[in-house]
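Residues per chain are reported as follows:
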Amino acid sequence: MTVPRAEVDVAEPRELSSGRKPVSGREGRGFVSLNGNLVESQSASVSVFDHGLLYGDGVFDTMFASDGQIFRLADHLDRFRRSLRAIRLALPIPEGRLESEVLRTAAANGLRDAYIKVVATRGVSVEPLLDPRDCSPTLIVFARPYLSLADPSRQEQGITAKLTSIRRIGLPALDPRIKSLDYLNLVLGKLEAIAAGADEALLLDGEGLVCEAPGYNVFVVRAGEVLTPDRSILEGVTRATVLELCALLGIPARPGPVAPYDVLTADEVFLTSTAGGLVPVVQVEGARIGDGKPGPVLRRIDDAYRELQRSGRYGTPIPDLEPTGAARPSPR
Ligand code: PMP
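These numbers were taken from a predicted model, which means no experiment stands behind them.

*Asks:* Explain the sheet that holds strand 3 (residues 37–40) to me, please; I cannot follow it from the model alone.
*Replies:* Neighbouring strands of a sheet are bound in pairs by backbone hydrogen bonds; such pairs are parallel or else antiparallel. Pairing is antiparallel in the open sheet, where seven strands are placed in the order 3-2-8-7-5-6-18. A single partner strand is all that each edge strand has here, and the edge strands are strand 3 and strand 18 (315–317). Looking at each pair of strands side by side, their axes are set apart by 30 degrees on average, direction ignored. By the bridge criterion, two bridges tie strand 5 (residues 58–66) to strand 6 (residues 69–71) in an arrangement that is antiparallel. Note that in strand 6 the partner of Ala65 across the bridge is Ile70.

*Asks:* Whenever I open this one, the packing of helix 2 (residues 73–86) against helix 3 (residues 98–109) confuses me. Can you help?
*Replies:* Think of two packed helices as two axes; the pair is described by the angle between the axes and how far apart they sit. The interhelical angle for the contact between helix 2 and helix 3, taken along N-to-C directions, is 125 degrees, at an axis separation of 11 Å. In terms of orientation, helix 2 and helix 3 fall into the oblique class. When you trace helix 2 past helix 3, the crossing you get is right-handed. Residues Leu73, Leu77, Phe80 and Arg81 of helix 2 touch helix 3, and the partners they reach there are Leu98, Glu99, Val102 and Leu103. Its residues assigned to classes, the contact of helix 2 with helix 3 comprises six nonpolar, no polar and two charged.

*Asks:* Sorry if this is basic, but what is going on with the site of the ligand here?
*Replies:* Neighbouring the ligand are 17 residues; Lys179, Tyr183, Glu212, Thr238 and Thr274 lie closest to it. For the ligand, a nitrogen atom lies 2.7 Å from a polar atom in the side chain of Lys179. Interatomic distance of 2.7 Å between a side-chain N/O atom of Thr274 and an oxygen atom of the ligand. When the free accessible area of the ligand is taken as 390 Å², the share hidden by the protein chains comes to 97%. Only helix 2, strand 12 (216–222), helix 6 (237–249) and strand 15 (268–273) provide two or more residues apiece to the shell around the ligand. Its residues placed into classes, the shell around the ligand shows five nonpolar, eight polar and four charged.

*Asks:* When you look at the nonpolar core in this model, what are you seeing that I'm missing?
*Replies:* Nonpolar side chains tend to gather and get buried jointly when the protein is soluble and globular. One finds Met63, Ile70, Phe80, Val102, Ile116 and Ala120 to be the most contacted residues of the largest nonpolar core, which totals 27 residues. Secondary structure elements with two or more residues in this core: strand 5, helix 2, helix 3, strand 7 (114–124) and strand 8 (136–145). In this structure, Ala120 is in contact with Gly58, Val59, Phe80, Leu84, Leu89, Leu91, Thr138, Leu139 and Leu181, ignoring residues within four places of it in sequence. Counting 21 residues, the second largest nonpolar core, distinct from the first, contains Leu163, Leu227, Leu271 and Val284.

*Asks:* Whenever I open this one, the environment of Ala90 confuses me. Can you help?
*Replies:* By secondary structure assignment, the location of Ala90 is in the loop between helix 2 and helix 3. For Ala90, a relative accessible area of 55% puts it in the exposed group. Each C-alpha atom, one on Ala90 and one on Thr121, is 9.5 Å from the other, the two residues being 31 residues apart in sequence.

*Asks:* Just to check I follow, could you spell out the environment of Thr274 for this structure?
*Replies:* Looking at where Thr274 falls in the secondary structure, it is placed in the loop between strand 15 and strand 16 (277–284). A relative accessible area of 9% places Thr274 in the buried class. A C-alpha to C-alpha distance of 8.8 Å links Thr274 and Tyr115, two positions 159 residues apart in sequence. Beyond its immediate chain neighbours, meaning those up to four positions away, Thr274 contacts Thr62, Met63, Phe64, His76, Tyr146 and Thr238.

What counts, and where the lines are drawn
Residues numbered from 1 in each chain as written. Predicted model: local features only at pLDDT ≥ 70, side-chain atom pairs only at ≥ 80, totals over all residues. Heavy atoms only, no water. Pairing = 2+ DSSP bridges. Helix = DSSP H or I, 4+ residues; strand = E, 2+ residues; numbered from the N terminus. Axes fitted to C-alpha atoms, helices over the stretch in contact; angles between N-to-C directions. Parallel < 35°, antiparallel > 145°, perpendicular 65-115°, else oblique. Left-handed = near helix turned anticlockwise from the far one by under 90°. Contact = heavy atoms within 4.5 Å. Nonpolar A, V, L, I, M, F, W, Y, C, P; charged D, E, K, R; others polar. Near = heavy atom within 4 Å. Polar contact = N/O pair within 3.5 Å; in protein donor to acceptor, adjacent residues only side chain to side chain. Areas by Shrake-Rupley, 256 points an atom, 1.4 Å probe, with all protein chains shown as cover. Core = buried A, V, L, I, M, F, W, Y, C linked by side-chain atoms within 4.5 Å. Buried < 20%, exposed > 50% of the residue type's maximum accessible area, 1.4 Å probe, protein only.

Below is the structure:
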């Protein structure tokens, strides 16, 4: 069968309704790794019959590079491999080549500060039906100039959030530890928050406990103690880093159940993600959190997080991009 190809990644910069500025310049150019081959972004294409597109049948992971080093690359790739295993998907390249493929793609794009994604889909079958047995998988790796989920101008003063009516899909339907391509649930949460005039959505799980924001883990601070949801979540790499940093800084921190009550009565609330780092939430449901400004506990952890990135301790150098010791540009 001749498989029609659909172009990806050729959009021209334009005004964005999110209010953020488009990343201008080379983003339509550069290189993408497709099934282990580097191809120019503008000619990289996947089939319109790919199960990732037709059924959300695939998994992904997102990481970032700062000053020429990919932060916690091994942790991201471990999570990606666990997602692959959980959906019984084999890569079209040997798993052992994954790390070098990410580094090769990052190097080919020459970006010191990058947003990097690996995406594996079930791929294309003989007929575009749901049965996955005859599919040949697709693997995409791309690197773009660094992107933050939060609008950087809003991140400085803190964002607003809404506890949405839409719930996060979780067990027993789909384990949220799988970073699957099915993010519709989270996109609908985001739309609900935007329609209510808030920047971000806080989603509850089936039990009514707070679990995540779209693309973020959630933290609350109460009486000096840091608490993060312990269930119905993706196991965030940034979340794990924050818990490690709290231990180093002597700040009591633990995973546990987080109810809407804990958010609404918190001294501080913040979100964590690879794309954006630590993002203060200063208003929930129209009510101020603490004094309505990013709080001191967040500031301490955020400074330590930036310092950890600068130290290169968890950094894997991208070949041909020597670190300069400069920090990634930040809104602060
Ligand atoms: N939850 C969800 C649903 C996400 O998509 C992400 C972003 N990967 C996170 C949490 C935060 O995870 P990380 O810190 O690894 O980026």
